[in-house]
Amino acid sequence: MAISKKKISIDARQRTKFRIRRRVSGTEESPRVTVFRSSKHLYGQLVVDTTGETVVSASTLDKEVADLIKTLPAEGENKTSKSSKSTLGAKAVGLILAKRSKEKSISKVVFDRNGFQYRGRVKAFADGAREGGLQF
């Protein structure tokens, strides 16, 4: 009886993520901003890859983000959505992440879209972070 090798299945997003991570790395001077979006929430982190630590994080689960979503003006096609799933929620996460990084005196970062396409919530997150004062 022969031992069969299991084929490891890696989806397209993971392959893209690996290609991006080969080129993008965070340092002390410019940490890596990584974004993860699930079907319900969006998470953003500032990571220093040389030490392997997360410096700052924000997500749609934070109360501060939920309060900011209510105050932001809605734009685009769905002007009534104040949900954390919307692009408005992603923009709020970017703004809060930028604010928290400014408190730690971090302004220059590198952006890691984590294999996701740069559109929709990922783009809104990046735009919010830029509005908050982060330089990509």
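Residues numbered from 1 in each chain as written. Predicted model: local features only at pLDDT ≥ 70, side-chain atom pairs only at ≥ 80, totals over all residues. Heavy atoms only, no water.

### Some remarks on the overall build of the protein
And then number 1: Regarding its fold elements, the protein presents 4 helices and 4 strands.
And then number 2: Written out in order from the N terminus, the α and β elements of the protein read α-β-β-β-α-α-β-α.
And then number 3: Burial analysis of the protein (136 residues in total) assigns 39% to the buried set.
And then number 4: Of the contacts made within the protein by residues no fewer than 6 positions apart, 62% connect residues no fewer than 24 positions apart.
And then number 5: When the accessible surface of the protein is totalled, it reaches about 8,500 Å², and 50% of it is carbon and sulfur. (Helix = DSSP H or I, 4+ residues; strand = E, 2+ residues; numbered from the N terminus. Buried < 20%, exposed > 50% of the residue type's maximum accessible area, 1.4 Å probe, protein only. Contact = heavy atoms within 4.5 Å. Areas by Shrake-Rupley, 256 points an atom, 1.4 Å probe, with all protein chains shown as cover.)

### Remarks on the packing of helix α2 (residues 63-71) against helix α3 (residues 87-103)
And then number 1: Between α2 and α3, whose axes approach to 9 Å, the crossing angle comes to 125 degrees. Put simply, α2 runs oblique to α3. In the crossing of α2 with α3, the sense of the turn from one axis to the other is right-handed. For the pair formed by α2 and α3, the contact residues are E64, V65, L68 and I69 on the first element and L88, G89, A92, V93, L95, I96, K99 and R100 on the second.
And then number 2: Of the residues that constitute the contact of α2 with α3, the class distribution is 8 nonpolar, 1 polar and 3 charged. (Axes fitted to C-alpha atoms, helices over the stretch in contact; angles between N-to-C directions. Parallel < 35°, antiparallel > 145°, perpendicular 65-115°, else oblique. Left-handed = near helix turned anticlockwise from the far one by under 90°. Nonpolar A, V, L, I, M, F, W, Y, C, P; charged D, E, K, R; others polar.)

### A few points about the environment of V55
And then number 1: Structurally, V55 can be placed in strand β3 (residues 53-59).
And then number 2: With a relative accessible area of 21%, V55 lands in the partly exposed category.
And then number 3: Residues contacting V55, with those up to four places away along its chain left out, are L46, V48, K104 and I106.

### Looking at the sheet that holds β3
And then number 1: Strands sit in the order β3-β2-β1-β4 across an open sheet of 4 strands; the sheet is mixed. The two strands at the open ends of the sheet, each matched to only one other strand, are β3 and β4 (110-112). Strand-to-strand twist in this sheet, taken as the mean axis angle between neighbours without regard to direction, amounts to 20 degrees. (Pairing = 2+ DSSP bridges.)

### Quick look at the side chain of H41
And then number 1: Here H41 is to be found in the loop between β1 (32-37) and β2 (42-48).
And then number 2: A distance of 2.8 Å separates polar atoms of two side chains, one belonging to H41 and the other to T60.
And then number 3: When neighbours within four sequence positions are excluded, H41 is seen to be in contact with F36, T60, L61, S84 and R121. (Polar contact = N/O pair within 3.5 Å; in protein donor to acceptor, adjacent residues only side chain to side chain.)

### Describing the side chain of N114
And then number 1: Note that N114 resides in the loop between β4 and α4 (121-131).
And then number 2: With relative accessibility at 7%, the residue N114 sits in the buried group.
And then number 3: Here N114 is in contact with R13, K17, T34, V35 and F36, once residues within four sequence places are set aside.

### Digging into the pattern of salt bridges
Opposite charge on two side chains permits pairing when their charged atoms draw close.
And then number 1: Following the criterion strictly, the structure yields 9 salt bridges and no others.
And then number 2: With a closest N to O distance of 3.5 Å, D49 and R21 form a salt bridge. Residue D49 is located in the loop between β2 and β3, and its partner R21 is located in helix α1 (residues 12-23); the two are separated by 28 residues in the primary sequence.
And then number 3: Judged by relative accessible area, D49 falls into the partly exposed class, the value being 23%.
And then number 4: Between K91 and E131 there is a salt bridge; the shortest N-O distance is 3.1 Å. Of this pair, K91 sits in helix α3 while E131 sits in helix α4; the two residues are 40 residues apart in sequence, bridging distant segments of the chain.
And then number 5: Here K91 falls in the buried class, since its relative accessible area comes to 15%. (Salt bridge = Lys/Arg side-chain N within 4 Å of Asp/Glu carboxyl O.)

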